[in-house]
Amino acid sequence: QVTLRESGPALVKPTQTLTLTCTFSGFSLNTTGMCVSWIRQPPGKALEWLARIDWEDDKYYSTSFKSRLIISKDTSKSQVVLTMTNTDPADTATYYCARALMDVWGKGTTVTVSS
Amino acid sequence: DIVMTQSPLSLAVIPGEPASISCTSSQTLLHSNGYIYLNWFLQKPGQSPQLLIYLGSDRAPGVPDRFSGSGSGTHFTLKISRVEAEDVGVYYCMEALQTGSWTFGQGTKVELK
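Described in the following lines is the structure provided in the data block. Predicted model, so just to flag it, every value in this text is computed and none were measured.

### Observations concerning the interface of chain B and chain A
In step 1: Taken together, the contacts link 19 residues of chain B with 22 residues of chain A.
In step 2: Between chain B and chain A the total buried area reaches about 1500 Å² when both faces are included, carbon and sulfur atoms providing 64% of it.
In step 3: Considering only the side of chain B, the residues that lose the most area to chain A are B:Pro49, B:Trp102 and B:Phe104, jointly responsible for 38% of the buried surface there.
In step 4: Along the contact surface separating chain B from chain A lie 0 salt bridges.

### Structural notes on the packing of aromatic side chains
In step 1: What the rule picks out here adds up to 7 aromatic pairs over all chains.
In step 2: For the ring pair A:Tyr96 and A:Trp105, a centre distance of 5.7 Å and an interplane angle of 80° mean the geometry is edge-to-face. Of the two residues, A:Tyr96 and A:Trp105, neither departs from the other in class, the shared state being buried.
In step 3: Between the aromatic rings of A:Trp105 and B:Phe41, the centroid separation amounts to 5.6 Å while the plane-to-plane angle is 80°, which identifies the pairing as edge-to-face. Taken together, the residues A:Trp105 in strand β10 (residues 104-105) and B:Phe41 in strand β4 (residues 38-43) connect one chain to another. With respect to burial, A:Trp105 and B:Phe41 carry one shared label: buried.

### Points about unusual backbone geometry
In step 1: Along the chain, B:Ser7 connects to B:Pro8 via a cis peptide bond; the corresponding omega equals -10°.
In step 2: Its identity is not glycine, yet A:Asp57 carries a phi of approximately 70°, on the positive side.
In step 3: Relative to the assigned elements, A:Asp57 resides in the loop between β5 (48-54) and β6 (59-61).

### So, the pattern of salt bridges
In step 1: This structure, assessed with the given rule, holds 8 salt bridges over all chains.
In step 2: Among the ionic pairs, B:Arg66 bridges to B:Glu84, the shortest N-O distance being 3.5 Å. With B:Arg66 in the loop between β6 (58-59) and β7 (67-72) and B:Glu84 in the loop between β8 (75-80) and β9 (89-95), this residue pair connects regions lying 18 residues apart in the sequence.
In step 3: The buried category is assigned to B:Arg66, whose relative accessible area is 8%.
In step 4: On the basis of relative accessible area, B:Glu84 is assigned to the partly exposed category, the value being 38%.
In step 5: If you follow the salt bridges from partner to partner, you end up with A:Arg40, A:Glu48, A:Arg68 and A:Asp91 in one network.

Quick notes on the rules
Residue numbering note: each chain is counted from 1, following its sequence as written. The order in which chains are written sets their letters, starting at A; the order in which ligands are written sets their numbers, starting at 1. Residue-level local features of this predicted model are given only where pLDDT is at least 70; pairs of side-chain atoms are given and counted only at 80 or more, and the full residue set underlies all totals for whole chains, interfaces and linings. Each side-chain value is derived from all of the structure's non-hydrogen atoms; neither hydrogens nor water enter the calculation. Every residue pair with non-hydrogen atoms within 4.5 Å of one another is taken to be in contact. As a working definition, buried area equals the accessible area (1.4 Å probe) given up by two parts on being put together, with both sides summed. One speaks of a salt bridge when a side-chain nitrogen belonging to Lys or Arg is within 4 Å of a carboxyl oxygen belonging to Asp or Glu. Here is the rule: rings of Phe, Tyr and Trp (six-membered ring for Trp) pair when centre to centre is within 6.5 Å. Planes less than 30 degrees apart are stacked, more than 60 are edge-to-face, and the remainder are tilted. The rule is simple: take the accessible area with a 1.4 Å probe, protein chains only, and divide by the maximum for that residue type; under 20% is buried, over 50% is exposed, in between is partly exposed. Helix numbering and strand numbering both begin at the N terminus, where a helix is a DSSP run of H or I of at least 4 residues and a strand a DSSP run of E of at least 2.

The following block contains the structure:
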């Protein structure tokens, strides 16, 4: 069974760095063609694709966020980590991770950016 | 970046009636390998999005056959042959063509009339 679970702080202050972890099971990021994406959804708004990392450790970022995001993986721990720098209240959202072409999603983790 | 545009943005449907959502991309989503990298998702109220259609027209496992995807190049359609109460939510198209960033449409909210 494939599962993904997002974790991270519920509250961060503006300008702080946000670190989110996606812990997955049921598949391996060593498998050719496999990747994990991060997506977010501000309250009442649409989904926004943020970043993706693949089996070859290639990394891709949304051009809207590129300078603020870093994605990495720890294959031994079955984890993908997303770091967002210089957060703003506009970054308040539910953050999801999903496998490959997004056939399986986590339940999401809600992050509020507020002083 | 590819821009994905959905229409309509909201839709009220009588149960048992058909529904159709359009999605237009600013660039062709037809890859040189012959595949169309266009997915459709449904986000039911309070839930994570779920994959309905991938590669333009392939239903994901467990998705009822009343859902179908079609289109080529830059114009795509999601059709529900007979809307049921459980189909209420927001539908998103998403392009996954680029080796770089991927993009979602704005979403189409479907409710029952």
